[in-house]
There are 2 protein chains.
Amino acid sequence: MTTRRLHLNAFLMGVGHHEAAWRHPRTEPARLTDVRHYQELARIAERGLLDSVFLADGLALQGDVRHNAIGGLEPLTLLSALAAVTDHIGLIATVSTTYNEPFHVARTFASLDHISGGRAGWNIVTSAGEAEARNFGRERPAHADRYARATEFLEVVTKLWDGWEDDAIVGDRRLGQYADTGRIHPADHHGTHFRVAGPLNTSRSPQGHPLLVQAGSSEDGKEFAARFAEAVFTAQQTLAEGQEFYADLKSRLARYGRSPGELLILPGISPIIGGTEEEAQRLARELEDLIIPAYGLAQLSHLVGIELTEDDLDRPLPAIPVETEGAQSRRKLIIDLARREGLTVRRLLGRLAGGRGHRVVAGTPEQIADQIQSWFENGAADGFNIMPPTLPDGLTAFVEHVVPDLQVRGLFRTEYESRTLRGNYGLPRPASRYTASRAAGAGQKARVDVAVAS
Amino acid sequence: MTTRRLHLNAFLMGVGHHEAAWRHPRTEPARLTDVRHYQELARIAERGLLDSVFLADGLALQGDVRHNAIGGLEPLTLLSALAAVTDHIGLIATVSTTYNEPFHVARTFASLDHISGGRAGWNIVTSAGEAEARNFGRERPAHADRYARATEFLEVVTKLWDGWEDDAIVGDRRLGQYADTGRIHPADHHGTHFRVAGPLNTSRSPQGHPLLVQAGSSEDGKEFAARFAEAVFTAQQTLAEGQEFYADLKSRLARYGRSPGELLILPGISPIIGGTEEEAQRLARELEDLIIPAYGLAQLSHLVGIELTEDDLDRPLPAIPVETEGAQSRRKLIIDLARREGLTVRRLLGRLAGGRGHRVVAGTPEQIADQIQSWFENGAADGFNIMPPTLPDGLTAFVEHVVPDLQVRGLFRTEYESRTLRGNYGLPRPASRYTASRAAGAGQKARVDVAVAS
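Residues numbered from 1 in each chain as written. Chains lettered and ligands numbered in written order. Predicted model: local features only at pLDDT ≥ 70, side-chain atom pairs only at ≥ 80, totals over all residues. Heavy atoms only, no water.

(A) Structural detail: the overall build of chain A. Scanning chain A from terminus to terminus reveals 15 helices and 13 strands. Compactness check: chain A gives a C-alpha radius of gyration of 22 Å against a globular reference of 22 Å for 454 residues, within 12% of the reference. Each of the three principal axes of chain A carries a C-alpha extent, and together these read 75 × 50 × 40 Å. The buried share of chain A, reckoned over its 454 residues, is 62%. Long-range pairs, those at least 24 residues apart, make up 77% of the contacts in chain A between residues at least 6 apart in sequence. (Helix = DSSP H or I, 4+ residues; strand = E, 2+ residues; numbered from the N terminus. Rg over C-alpha atoms; globule rule 2.2 N^0.38 Å. Buried < 20%, exposed > 50% of the residue type's maximum accessible area, 1.4 Å probe, protein only. Contact = heavy atoms within 4.5 Å.)

Below, the structure is given as structure tokens:
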């Protein structure tokens, strides 16, 4: 009926995704904590009609700050300031289920959803790292425990979001009735990890539920995504890997009574764009020449779980023990990449510097669009997570040169369909479970798929 | 040397502080979750050169939502959206130390301080209520425990804020050095309530420490304020009470090596403003006529800790047991008010409806200004916490009619002194403890009072 359309998210990362971006003359690293930098990025993305912007996050100073521009802003606070200067673009923040409370998280996302008029999304992470645990007086949690907690966390948060039905607020001044308290429900949750009474002290937000996003690619991660996520960010290096991941994840949805269209898969791509292929390759080399091996070695050691030194630089990647905790799927991707292409550690560092394991494509706008089209049309992607190597110029180049090409090909929108994130992602607005069960009880069709007016 | 100047904070509360505000034709209760409503309020306050806006908060749906417009937005998310549309006004959010983690709180306020260019303030509360405890799977904490936790919380948060020294970021692109890691310090905190490694993953913010604000008036609360707070919001009904509180709190500062000027005391005042005294009284009566006794009874029962019914309405307030947990200072204030003026419960409800125990003054702009001047010049206030009965019109009236009068009297600024909250409150910017101790170690004067350039 309707043409299948690509969805594009701009992954905003300081002054760029390339680890040496801050050293390149195209960037201004002093803007790392300047809200106007991020407001400019959001406006560029909105000018390009992108679906959303996304901020990653961790709860510790990770990576070597001696050699990289890190130490920026907390995502939710930042996105609220971006909401104030944009009208259509979705705003997706990363928040951990391991070091937060469901009541706070439910309320803060509901607030961002109100503030943005229905544009909030939550990238759910479970915080694998040791450093994060030590900022909250905890031991590093086991992988399975993290996902068990995350699952219960989501049950509580969605129950809290549903607590105020859409028609709970009556606002009858004459009678003095503000709300119909029969339409406001406590959560009354008594579980393994949480006891939460509710209801929330923030009314139901425009999207009902802010969009749920996820990025883990472990077995537990994929199962969690199949159950809860509506969009998934993933790192896939080759079309074959992309297809395998796509088919695998989509096939899991039926177990949870969901159809394949209810979850969008967006692989990461770092486009290094030039007017000619040579220009793109030159920019790629300029960035590679600015890499600091000590920085990359520390990052890679952390990712693969063994200590690498400068002596390893010109040798192949040593054997890596298979069974270690956390970030397993990213580790496998890196080992596969090194083996497949026979890379030395130094060459591997060059490949990872662009996107930490995400796919890097250097070329003309047409070549980038070809790659996007190929994955989109061959069962590997519903869209892409765009990770410009340098910011803001890399996002501007994408919006000004790649987006128009995708539009000409009929793959991408020429105007926003909606003012909500769900509306642009083509996803339904969930009805409150209490409204739905009352409707079902009354023998009526449950209002589960009522789209919000755009 | 310089003239002592009044400080004014606008306490933003939905569509007004009067509990019947939402029923009055001057307000639009549907704007409770509309960010533009709050952006308009912040701009009005900034037009009036007020020092700051402030948002109260609780972590449960408290009060009877059947009869009042509650269920609004989370303060930090909201203030970030206000930062985006203002330039000078301070932004003070309430956050609890009982149901939060110091790492999150330190980081979020540092982010808001960056986003606002140095305008963030934290109103520290310890969450006495039963309903709040039940949203976090906890028992209601004892009064003393709450303050013990709050004290350690503040130690951790300020240590985290100090972790990045002002000159930690080097940004040397050529050498590839982003930060001087010798100027970034872990917190290494191992205490009774918290173990926090640090450092923060957000660099030092413009104010160094966002402004610390407090509002508890119990013994523990006053002692906590004397140690940490730089501004105190308080409820005082009479000049004599105001003077007593002011002298008491200021006298406690010396114990912590602080001088009286390092803490500003701002009593609450709800100004019901009319062009004539009759007009002001008419508005006061209109609001009083819209009060729903059942709502006020539930609120009052909660505040005084005994169950009051409609049968009590036309009798004096019954005897109240002295020893109960939480909100003790507010309880005493209410009992004193009822006894002093011989009020029936119904009359007491009328008095409390305007400001929940804060002082309500109905009159002309000149009469309001007289009251402000009298308290300011007679040792009861360094400024005021302005609580308009209806919003936005009550704030507009204050800004357009009372502020000019205060300016003519030479009591209030005619332009902002600074772009930071500390700058406008006339308070110093704290140096990082690590910078200060190094300077002291090198035999130099510690840089504790370096004001930030406005």
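This is not the end of the story, as more comes after the structure.
(B) Broad picture of unusual backbone geometry. Backbone torsion omega between Gly198 of chain A and Pro199 of chain A reads -5°, so that peptide bond is classified as cis. With respect to the secondary-structure elements, Pro199 of chain A resides in the loop between strand E8 (195-196) and strand E9 (211-214). The residue after Leu391 of chain A, namely Pro392 of chain A, is reached through a cis peptide bond having omega 5°. Checked against the element boundaries, Pro392 of chain A lands in the loop between strand E13 (383-386) and helix H13 (393-408). Backbone geometry places Ser127 of chain B, a non-glycine residue, at a positive phi of 55°. Here Ser127 of chain B shows up in the loop between strand E4 (120-125) and helix H4 (130-134).

(C) Local environment of the interface of chain A and chain B. Listed by partner, the interface residues are 70 residues for chain A and 70 residues for chain B. Carbon and sulfur atoms supply 54% of the area buried between chain A and chain B, which totals about 5,600 Å² over both sides. One can count 2 salt bridges joining chain A with chain B. In this structure, Arg107 of chain B and Asp57 of chain A form a salt bridge, with 2.5 Å as the shortest nitrogen-oxygen distance. On inspection of chain A and its partner chain B, the count reaches 42 residue pairs in polar contact (both at pLDDT 80 or more). Mapped onto the side of chain A that touches chain B, the elements with two or more residues apiece are helix H1 (35-47), helix H2 (75-83), helix H3 (102-115), strand E5 (169-172), strand E6 (177-179) and E8 of chain A. Here the side of chain A that touches chain B gets 8 residues from one element, more than from any other, and that element is H3 of chain A. (Buried area = accessible area lost by both parts, 1.4 Å probe. Salt bridge = Lys/Arg side-chain N within 4 Å of Asp/Glu carboxyl O. Polar contact = N/O pair within 3.5 Å; in protein donor to acceptor, adjacent residues only side chain to side chain.)

(D) Spotlight on the nonpolar core. Grouped together as the largest cluster of nonpolar side chains are 180 residues, with contacts concentrated most on Trp122 of chain A together with Trp122 of chain B. Grouped together as the second largest cluster of nonpolar side chains are 20 residues, Leu297, Ile306, Leu333 and Ile334 of chain B included. (Core = buried A, V, L, I, M, F, W, Y, C linked by side-chain atoms within 4.5 Å.)

(E) Here's a closer look at the environment of Gln177 of chain B. Residues and elements named next belong to chain B. Within the secondary structure, Gln177 sits in strand E6 (residues 177-179). The class for Gln177 is partly exposed, based on a relative accessible area of 24%. A C-alpha to C-alpha distance of 41 Å links Gln177 and Val35, two positions 142 residues apart in sequence.

(F) Focus on the relation of the copies chain A and chain B. When chain A is brought onto chain B, the operation consists of a screw motion whose angular component is 180° and whose axial shift is 0.0 Å, with 0.0 Å RMSD remaining. What the superposition gives is, in effect, a two-fold axis relating one chain to the other. Taking C-alpha positions as reference, the residue of chain A nearest the rotation axis is Ala81 of chain A, located at 2.3 Å. Both copies share a contact surface, since 100% of the interface residues of chain A are interface residues in chain B too. (Least-squares fit on C-alpha atoms with pLDDT ≥ 70 in both.)

(G) Representation of the pairing of strand E1 (residues 7-12) of chain A within the structure. All names here are of chain A. With 6 of 6 residues buried, E1 is to be regarded as a mostly interior element. Neither face of E1 is open: one carries His7, Asn9 and Phe11, the other Leu8, Ala10 and Leu12, and all of them are buried. In the sheet, E1 pairs with strand E2 (residues 52-55) via 4 bridges, with the strands oriented parallel. Counted as the bridge partner of Leu12 is Leu55 from E2. Regarding the hand of the β-α-β motif, the stretch spanning E1, H1 and E2 is right-handed. (Pairing = 2+ DSSP bridges. Right-handed = clockwise from strand over helix to strand, strands pointing away.)

(H) Main features of the pairing of strand E1 (residues 7-12) of chain B. Alignment of E1 of chain B against strand E13 (residues 383-386) of chain B, held across 4 bridges, turns out to be parallel. Across the sheet, Leu8 of chain B pairs through a bridge with Phe384 of chain B, a residue of E13 of chain B.

(I) Structural detail: the pattern of salt bridges. Throughout the structure, instances matching the rule amount to 67 salt bridges over all chains. Close ionic contact of Arg413 of chain B with Asp51 of chain B constitutes a salt bridge, the shortest N to O distance being 2.8 Å. Taken as a pair, Arg413 of chain B in the loop between helix H13 (393-408) and helix H14 (421-425) and Asp51 of chain B in the loop between helix H1 (35-47) and strand E2 (52-55) lie far apart in primary sequence, 362 residues in all. With respect to class, Arg413 of chain B is no different from Asp51 of chain B; both count as buried. Note that Asp162 of chain B and Arg433 of chain B form a salt bridge whose closest N and O atoms lie 2.7 Å from each other. Here the residue Asp162 of chain B occupies a position in helix H5 (residues 143-162), and Arg433 of chain B occupies one in helix H15 (residues 433-441), the gap between them amounting to 271 residues. Overall, Asp162 of chain B belongs to the buried group, its relative accessible area being 2%. Within the structure, one salt-bridge network assembled from shared partners comprises Glu219, Lys222, Glu223, Asp248, Arg252 and Arg255 of chain A.

(J) Structural detail: the packing of helix H10 (residues 328-341) of chain B against helix H11 (residues 345-353) of chain B. Residues and elements named next belong to chain B. Contact pair H10 / H11: the axes reach a minimum separation of 11 Å and the direction vectors enclose 125°. If you check the angle between H10 and H11, you find them oblique. When you trace H10 past H11, the crossing you get is right-handed. Counted together, Ile334, Leu337, Ala338 and Glu341 of H10 and Leu348, Arg351 and Leu352 of H11 form the full contact between these two elements. Of the residues assigned to the contact of H10 with H11, the class counts are 5 nonpolar, no polar and 2 charged. (Axes fitted to C-alpha atoms, helices over the stretch in contact; angles between N-to-C directions. Parallel < 35°, antiparallel > 145°, perpendicular 65-115°, else oblique. Left-handed = near helix turned anticlockwise from the far one by under 90°. Nonpolar A, V, L, I, M, F, W, Y, C, P; charged D, E, K, R; others polar.)

(K) Spotlight on the packing of aromatic side chains. All names here are of chain A. Summed over the entire model, instances satisfying the criterion amount to 24 aromatic pairs over all chains. Aromatic rings pair up to connect Phe109, Trp122, Phe153, Trp161 and Phe194 into one cluster. Positioned above the aromatic ring of Phe376, the side-chain terminus of Arg4 is 3.9 Å from the ring centre. (Phe/Tyr/Trp six-rings, centres within 6.5 Å; stacked < 30°, edge-to-face > 60°. Lys NZ or Arg CZ within 6 Å of the ring centre and 35° of its normal.)

(L) Main features of H13 of chain B. All names here are of chain B. The end-to-end C-alpha distance of H13 is 22 Å, a good match for the 22 Å that 16 residues give at a rise of 1.5 Å each. At Val402, H13 shows its maximal kink, close to 30°; a proline, Pro404, follows between one and four residues later. What H13 keeps buried is the set Gly394, Leu395, Ala397, Phe398, Val399, Val402, Val403, Asp405 and Leu406. Check the buried side of H13 and you find it contacts E1, H1, strand E11 (264-273), helix H12 (365-377) and E13. Looking at the residues trailing H13, positive phi occurs at Gly410, about 75°. (Expected span 1.5 Å × (residues − 1). Bend = angle between axes of the 7 residues up to and from the residue.)

(M) Main features of helix H8 (residues 277-289) of chain B. Residues and elements named next belong to chain B. Taking 1.5 Å per residue as the helical rise, H8 with its 13 residues ought to reach 18 Å, and the 18 Å between its terminal C-alpha atoms agrees with that figure. Along H8, the residues classified as buried are Ala280, Leu283, Ala284 and Leu287. One face of H8 carries all of its buried residues, which in axial projection span an arc of 100°. Among the exposed residues of H8, those pointing more than 90 degrees away from its buried face are Glu278 and Asp289. Where H8 is buried, its residues touch E11 and strand E12 (359-363). (Arc of directions from axis to C-beta.)

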